[in-house]
Amino acid sequence: MQLQALTLAIAALTASTALTTLSVHAQTATPAAAVAASAVDHKAVALQYAALVHATYADTLTSAKDMQAAIAAFVAAPSADGLDKARKAWLGAREFYGQTEAFRFYGGPIDDDKGPEGQINAWPLDEAYVDYVTGKPKAGLVNNTKLKITKAALIKANERGGEENISAGWHAVEFLLWGQDLSETGPGNRPFEDYVKGKGENAERRAQYLTVATELLVEDLAGMVKAWEPNAKNYRAKFEKGGKESVRKIIVGLGSLSRGELSGERMEVALNSQDQEDEHSCFSDNTHRDVVNNAKGIQNVWLGQFKRLDGSTLQGPSVRDLVAAKNPALAEKTTAQLAASVAGAEAIPAPFDRAIAKGSAGRPAIEKTVASLVAQSKLLVESASAVGIAKLTLVEP
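All of these numbers come straight from a predicted model, not from anything done at the bench.

I'd like to hear about the overall build of the protein, residue by residue, with values.
The number of helices and strands found in the protein is 16 helices and 4 strands. Whereas a compact globule of 397 residues would reach a radius of gyration of roughly 21 Å, the protein reaches 21 Å, a difference of no more than 12%. For the C-alpha atoms alone, the extent of the protein along its principal axes is close to 70 × 55 × 40 Å. Put simply, the protein has 397 residues, and 55% of those count as buried. Of all intrachain contacts in the protein linking residues separated by at least 6 positions in sequence, the fraction that spans at least 24 positions is 77%.

Printed below as a string of structure tokens:
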């Protein structure tokens, strides 16, 4: 999606609408492991954020490698069970990747001028650019036998000739696993025979495409882990020395995801168009989980915590602690609003493409979540002001 960055003065946003006080003891109580708010400074927050980013990308990479193994097993011996396992592995890996979206929008390793975000998570995807669709059996790169399927070829083809010409990343892999979503009640239902030589047209090329696209995705995620590794000459080393500027970047990421990307591009656009093509993970019908994990990612950073793949919890000095030292009431109000957004997201029914329809019982849940995300973006801007950050450049829808 193309987004427009607007410079917003703090003063223009601090007059936010009154918010209902929420009882969210589990989210508002200061964790025992947290450093006392009075002892937290910008550096401590930047250090904990860097550790949290690295951990989240590392768990994303681990789960993506699990997906890669499941896909390798499937293409080696295509079966309905193998395809089901590959799909479940994709869904499992997305749970972690969705939480990394809070690390964007400030020109970090994921989305600077050379960042791979566009070939990791670009959407919406024109299905016919990748493979056959109903009425076009010869469509897509899979069926273009003149094209040699390599990582370099997929990189070159990504967004070539149009922003919906997506050839790589999560959603290319998703489409190759599920196929078009032609059902009103469920996801796509690509037959495993599409990968069986002699049954599926260009089955071997399709298998190669799925394998190569997955390998490229894993490599790009490994690059993010490397950029945030501790004790290395990388982006993390510079970020940890950034002090207040690093905290500014952190809040820019949270505010931009809250307002411009999640509530705007990923939810309001779909609400307005009621078009299945405007939902994030439309082939797998996983959009409702994308929304939840994006909201959780914001909350993770605000609270300085992350529940890891192994079940342990990473916890340390947070933006919330920093704000609480200056304005405890604002810190608690923001914490409650972020918890409300997560709860709202979790209440959105699946499939998302049915929930966005006018008259749908699920539409109010989406609208409520959008309103909560908009409100939290304003509180995040107020929070930045409280810790001495006078101006933010946020992404608007």
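Can you tell me about the packing of helix α12 (residues 287-303) against helix α14 (residues 328-346), naming the residues and giving the values?
Across the interface, α12 lies against α14 with an axial gap of 8 Å and an inter-helix angle of 160 degrees. What the angle tells us is that α12 and α14 run roughly antiparallel. In terms of crossing hand, the pair formed by α12 and α14 is left-handed. Between α12, through Val-291, Val-292, Ala-295, Lys-296, Ile-298, Gln-299, Trp-302 and Leu-303, and α14, the contact on the second element is made entirely by Ala-331, Thr-334, Thr-335, Leu-338, Ala-339, Ser-341, Val-342, Ala-345 and Glu-346. Considering only residue class, the contact of α12 with α14 consists of 11 nonpolar, 4 polar and 2 charged.

Any chance you could break down the pattern of salt bridges for me, citing the residues and the numbers?
Between side chains of opposite charge, a pair can form as their charged atoms come close. Taken as a whole and assessed by the stated rule, the structure comprises 22 salt bridges. Where Asp-194 meets Arg-190, a salt bridge forms, and the shortest distance between an N and an O atom there is 2.8 Å. For Asp-194, a relative accessible area of 9% translates into the label buried. With its nearest N and O atoms 2.9 Å apart, the salt bridge here joins Arg-236 to Glu-240. Residue class for Arg-236 comes out buried when judged on its relative accessible area of 8%. By sharing partners, the salt bridges in this structure join Glu-101, Arg-104, Asp-111, Glu-117, Glu-261 and Arg-266 into a single network.

Can you break down the nonpolar core residue by residue, with the values?
Ranked by size, the top nonpolar core spans 111 residues in total, and within it Tyr-49, Phe-103, Trp-170, Leu-177, Tyr-209, Trp-228 and Ile-366 carry the most contacts. Per element, the largest residue contribution to this core is 14 residues, and it comes from helix α3 (residues 42-76). Sequence-distant contacts of Leu-177, defined by excluding residues within four places in its chain, comprise Ile-71, Leu-83, Ala-86, Arg-87, Trp-90, Arg-190, Tyr-195 and Leu-210.

So, the environment of Lys-378: which residues are in play, and what are the values?
Tracing the chain through its elements places Lys-378 in helix α16 (residues 363-386). Residues Lys-378 and Lys-391, spaced 13 residues apart in sequence, show a C-alpha to C-alpha distance of 13 Å.

Describe the packing of aromatic side chains, with residues and values.
Here a ring pair, both rings aromatic, is described through the centre-centre distance and the interplanar angle of the planes. As enumerated under the stated definition, the model contains 14 aromatic pairs in all. Pairing Trp-90 with Trp-178 gives two aromatic rings, centres 5.3 Å apart and planes at 75 degrees, and the pair type is edge-to-face. Linking Trp-90 in helix α4 (residues 80-100) with Trp-178 in helix α8 (residues 170-178), this pair joins segments that are 88 residues apart in sequence. Taking relative accessible area as the criterion, Trp-178 reaches 4% and is therefore assigned buried. Each member of the aromatic cluster is reached from another via a ring pair, and the members are Tyr-49, Tyr-57, Phe-103, Tyr-106, Trp-228, Tyr-235 and Phe-239. If you follow Arg-190 out to its NZ or CZ, it ends over the ring of Phe-175, 5.1 Å from the centre.

Can you lay out the environment of Tyr-49 for me, pointing to particular residues and giving the numbers?
Among the secondary structure elements, Tyr-49 is positioned in helix α3. Spatially, the C-alpha atom of Tyr-49 lies 11 Å from that of Ala-102, the residues being 53 residues apart in sequence. In contact with Tyr-49, other than residues within four places in its own chain, are Ala-102, Phe-103, Tyr-106, Trp-228, Phe-239, Ile-250 and Val-301.

A description of the environment of Phe-175 should follow, citing residues and the corresponding values.
Along the chain, Phe-175 turns up in helix α8. Here the alpha-carbon distance between Phe-175 and Ala-44, two residues 131 residues apart in the chain, equals 42 Å. If sequence neighbours within four positions are ignored, Phe-175 has contacts with Leu-125, Glu-127, Val-130, Asp-131, Tyr-132, Val-133, Gln-180, Arg-190 and Phe-283.

Give me unusual backbone geometry: which residues, what numbers.
For the bond running from Trp-123 to Pro-124, omega is -5 degrees, close enough to zero to count as cis. By the element assignment, Pro-124 lies in the loop between α5 (117-120) and α6 (127-130). Residues Ala-350 and Pro-351 are joined by a peptide bond in cis, for which omega reads 0 degrees. Its location among the elements puts Pro-351 in the loop between α14 and α15 (352-355). We note that Gln-274 has phi near 55 degrees; this positive angle belongs to a residue other than glycine. Topologically, Gln-274 is positioned in the loop between α11 (244-273) and α12. Even without being glycine, Asp-285 reaches a positive phi, approximately 55 degrees. With respect to the element layout, Asp-285 can be found in the loop between α11 and α12.

Definitions and limits used
- Residues numbered from 1 in each chain as written.
- Predicted model: local features only at pLDDT ≥ 70, side-chain atom pairs only at ≥ 80, totals over all residues.
- Heavy atoms only, no water.
- Helix = DSSP H or I, 4+ residues; strand = E, 2+ residues; numbered from the N terminus.
- Rg over C-alpha atoms; globule rule 2.2 N^0.38 Å.
- Buried < 20%, exposed > 50% of the residue type's maximum accessible area, 1.4 Å probe, protein only.
- Contact = heavy atoms within 4.5 Å.
- Axes fitted to C-alpha atoms, helices over the stretch in contact; angles between N-to-C directions.
- Parallel < 35°, antiparallel > 145°, perpendicular 65-115°, else oblique.
- Left-handed = near helix turned anticlockwise from the far one by under 90°.
- Nonpolar A, V, L, I, M, F, W, Y, C, P; charged D, E, K, R; others polar.
- Salt bridge = Lys/Arg side-chain N within 4 Å of Asp/Glu carboxyl O.
- Core = buried A, V, L, I, M, F, W, Y, C linked by side-chain atoms within 4.5 Å.
- Phe/Tyr/Trp six-rings, centres within 6.5 Å; stacked < 30°, edge-to-face > 60°.
- Lys NZ or Arg CZ within 6 Å of the ring centre and 35° of its normal.

Purely geometric numbers; function is a separate question.
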